[in-house]
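Survey of secondary and tertiary structure
The primary structure of each chain is shown beneath.
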Amino acid sequence: MANCDCFEFCPFLQDQMIRKPAMAEVYKQRYCCGNNKECARHMVLLAKGRNFIPADLFPNQVDRAKRIIAGRRDLLAKPATA
């Protein structure tokens, strides 16, 4: 499967994962070089546009992406961890 259209400029990979190359490689294989339709960031990009993608949205946060797409502003923040 071909690389995602956003692969070269994805701020998540360029900024968030720069200090975690092993984890970045896992994400690349799963979401960028695999089925990018499963990538939360790509979902938001297609549905709402680049400006709606939170910097801290991870590719595996599909539920959060669906809330963003649905426009649920009250639920957009990452859930607090205990």
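All of these numbers come straight from a predicted model, not from anything done at the bench.

Per the stated rule, a full pass over the model turns up two salt bridges. Arginine 30 serves as the salt-bridge partner of glutamate 38, at 3.5 Å between the closest nitrogen and oxygen. The exposure class of arginine 30 is partly exposed, given its relative accessible area of 48%. Aspartate 56 is paired through a salt bridge with arginine 64; the nearest N and O atoms lie 3.0 Å apart. Taking relative accessible area as the criterion, aspartate 56 reaches 31% and is therefore assigned partly exposed.

Moving on, we get to the nonpolar core. The biggest cluster of nonpolar side chains holds ten residues, and these are Phe7, Cys10, Phe12, Leu13, Met17, Ala24, Tyr27, Tyr31, Cys32 and Cys39. Those elements that provide at least two residues to this core are α1 (11-16) and α2 (21-32). By residue number, the principal contributor to this core is α2, which donates four residues. Among the nonpolar cores identified, the runner-up in size contains nine residues, and Cys4, Ala40, Val44 and Leu57 belong to it.

Here the focus is the packing of helix α3 (residues 40-48) against helix α4 (residues 62-70). Relative orientation of the contacting elements α3 and α4 amounts to 15°, with a least axis distance of 8 Å. The angle between α3 and α4 falls in the class roughly parallel. The hand of the α3/α4 crossing is right-handed. Of the residues in α4, those touching α3 at Ala40, Met43, Val44, Ala47 and Lys48 are Val62, Ala65, Ile68 and Ile69. A breakdown of the residues in the contact of α3 with α4 according to their chemical character gives eight nonpolar, no polar and one charged.

Turning next to the confidence of the model for the protein. As a general rule, the predicted coordinates of low-pLDDT regions are not to be interpreted in detail. This prediction gives the protein a mean pLDDT of 82; 84% of its residues lie at or above 70. Within the protein, α1 has the poorest average pLDDT of any element, 79, and α4 the best, 95.

Next up on the list: the state of the cysteines. In the structure shown here, the tally under the stated rule is zero disulfides. Note on cysteine 4: no disulfide assigned, nearest cysteine sulfur contributed by cysteine 6 at a separation of 4.1 Å. For cysteine 10, which is in no disulfide, the shortest distance to another cysteine sulfur is to cysteine 32 and amounts to 6.0 Å.

A few words now on the packing of aromatic side chains. Scanning the model with the defined rule gives four aromatic pairs in all. Between the aromatic rings of phenylalanine 12 and phenylalanine 58, the centroid separation amounts to 4.9 Å while the plane-to-plane angle is 70°, which identifies the pairing as edge-to-face. One end of the pair, phenylalanine 12, is in helix α1; the other, phenylalanine 58, is in the loop between α3 and α4, with 46 residues separating them in the sequence. Residue classification places phenylalanine 58 among the partly exposed positions, given a relative accessible area of 23%. Grouped by ring-pair contacts, the aromatic residues Phe12, Tyr27, Tyr31 and Phe58 constitute a single cluster. Here the basic side chain of lysine 48 rests over the ring of phenylalanine 52, its NZ or CZ set 5.1 Å away from the ring centre.

About the cut-offs
Residues numbered from 1 in each chain as written. Predicted model: local features only at pLDDT ≥ 70, side-chain atom pairs only at ≥ 80, totals over all residues. Heavy atoms only, no water. Salt bridge = Lys/Arg side-chain N within 4 Å of Asp/Glu carboxyl O. Buried < 20%, exposed > 50% of the residue type's maximum accessible area, 1.4 Å probe, protein only. Core = buried A, V, L, I, M, F, W, Y, C linked by side-chain atoms within 4.5 Å. Helix = DSSP H or I, 4+ residues; strand = E, 2+ residues; numbered from the N terminus. Axes fitted to C-alpha atoms, helices over the stretch in contact; angles between N-to-C directions. Parallel < 35°, antiparallel > 145°, perpendicular 65-115°, else oblique. Left-handed = near helix turned anticlockwise from the far one by under 90°. Contact = heavy atoms within 4.5 Å. Nonpolar A, V, L, I, M, F, W, Y, C, P; charged D, E, K, R; others polar. pLDDT = per-residue confidence, 0-100. Disulfide = S-S within 2.5 Å. Phe/Tyr/Trp six-rings, centres within 6.5 Å; stacked < 30°, edge-to-face > 60°. Lys NZ or Arg CZ within 6 Å of the ring centre and 35° of its normal.

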